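# Coordinates in review
Here's the letter readout for the chains.
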Amino acid sequence: MIKKGILRIVNIVIVLIGITFLSFSLLYLAPGDPAETYIRGGDGNAGTVSEEAIQAQREKWGLDKPFFVQYFNWLGNILRGNFGESYTTNRPVLEEIGSKIGPTLILSVAALFVTLLISIPLGVLCALYKDRLLDNICRGFSFIGIAVPSFLSSLLLLYFFAIQLNWLPVVSKGGFQGLILPVTVLTIQCSAKFIRQVRSIVLEQMNQEYVRGAIARGVTKSKILFSHILRNAWLPIITLIGIYFGVFLSGAAIVETIFSWQGIGQLAVEAVGRKDYPVIQAIILWLGILYVAVNFLVDLSYSLLDPR
């Protein structure tokens, strides 16, 4: 176990270093110059700006140095806990991100909870009543939910419930009412897939020989379902939960932006538009650490759910 734990830690470190190198490389190769964007005020309408002023800003941020010098300087600062300062606000990057983590976690946990509350019971029922009315309705919902992009469902819900019916606020202010629409969009988006995946997992277990043997011995259907089928189906379902939690944390950028939810996703969109590289790199690293941590917790849960 100790050897396995050490190998896992080494793998995590390698993955995180790879994430930092790839993200830094992509931003380095991206078109545009953050120093020029900063000098021109972000909109390119600052009038005539001298090349000397732009070059001075590059030197101030260290953007005039070779790629590997920039990368290792940044990585060394990260290892010392220094994520730098935002190019646009001049605030420490950790402060910028720290103020946004809470809203994103609240949105992600709420969306995951509602998704599980809906998807797992419906997925199980669809498997038990395969090709019947409930199964056909859920499959139709799945096709629609997968086909409709999140930005379109966000705009439609915003139009009907916020503008036409005036039941919910157009601009979210962080309260419960402001949480309803973004959670609904994320739930629709992921439940459409989750229901089908849970259905497939349960159907696969129902076709196993141990189920037929239990039926032959006269074991009741409810006991077979709760004591055997669902118990064996939990491992792949736990894997899906980990994957979708990561999806909520990293894939909510569009939803957060449309509903003005002050989270990491909206900050990432704004940072990309401003070419605020320190903030973008820190967000990518934060998401990478989060994915690795969730996968690690999922692996630990396997040993608890299945001692083998």
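One can find the structure itself at the top, above this paragraph.
Report on the accompanying structure. (Residues numbered from 1 in each chain as written. Predicted model: local features only at pLDDT ≥ 70, side-chain atom pairs only at ≥ 80, totals over all residues. Heavy atoms only, no water.)

## Describing the overall build of the chain
Within the chain, the regular secondary structure consists of 13 helices and zero strands. Counting helices and strands in the order they occur from the N terminus, the chain gives α-α-α-α-α-α-α-α-α-α-α-α-α. Its C-alpha atoms put the chain at 85 × 60 × 30 Å along the principal axes. Buried positions account for 39% of the 308 residues belonging to the chain. Averaged over its 25 positive side-chain charges, the chain has a centre that lies 16 Å from the centre of its 19 negative ones. (Helix = DSSP H or I, 4+ residues; strand = E, 2+ residues; numbered from the N terminus. Buried < 20%, exposed > 50% of the residue type's maximum accessible area, 1.4 Å probe, protein only. Lys, Arg positive; Asp, Glu negative; His and termini not counted. Charge placed at Lys NZ, Arg CZ, Asp CG, Glu CD.)

## Concerning the packing of aromatic side chains
By the definition in use, this model includes 16 aromatic pairs. Ring centres 3.7 Å apart and planes at 5° place the aromatic pair Trp61 and Tyr87 in the stacked group. Of this pair, Trp61 sits in helix H3 (residues 51-61) while Tyr87 sits in the loop between helix H4 (67-79) and helix H5 (93-128), and the two are 26 residues apart along the sequence. The class of Tyr87 is buried, set by a relative accessible area of 9%. (Phe/Tyr/Trp six-rings, centres within 6.5 Å; stacked < 30°, edge-to-face > 60°.)

## Some words on the nonpolar core
Core analysis: the biggest nonpolar cluster contains 66 residues, and Ile97, Leu107, Leu186, Phe194, Ile237 and Ile283 have the highest contact counts within it. Looking at which element gives the most residues to this core, the answer is helix H10 (residues 221-251), with 13 residues. Setting aside residues no more than four positions away along its own chain, Ile283 makes contact with Ile97, Ile264, Leu267 and Ala268. (Core = buried A, V, L, I, M, F, W, Y, C linked by side-chain atoms within 4.5 Å. Contact = heavy atoms within 4.5 Å.)

## Quick word on the environment of Ser86
For Ser86, the location among the structural elements is in the loop between H4 and H5. Residue Ser86 is classed as buried on the basis of its relative accessible area, which comes to 2%. Taking the C-alpha atoms as reference points, Ser86 and Val13, separated by 73 residues in sequence, lie 26 Å from one another.

## Focus on the packing of H5 against helix H12 (residues 264-274)
Between H5 and H12, the least distance of the axes is 8 Å, while the angle of their chain directions is 135°. One finds that H5 runs oblique with respect to H12. Every residue of H12 that contacts H5 at Glu96, Ile97, Lys100, Ile101 and Thr104 is listed here: Ile264, Gly265 and Leu267. Taken together, the residues of the contact of H5 with H12 break down into four nonpolar, two polar and two charged. (Axes fitted to C-alpha atoms, helices over the stretch in contact; angles between N-to-C directions. Parallel < 35°, antiparallel > 145°, perpendicular 65-115°, else oblique. Nonpolar A, V, L, I, M, F, W, Y, C, P; charged D, E, K, R; others polar.)

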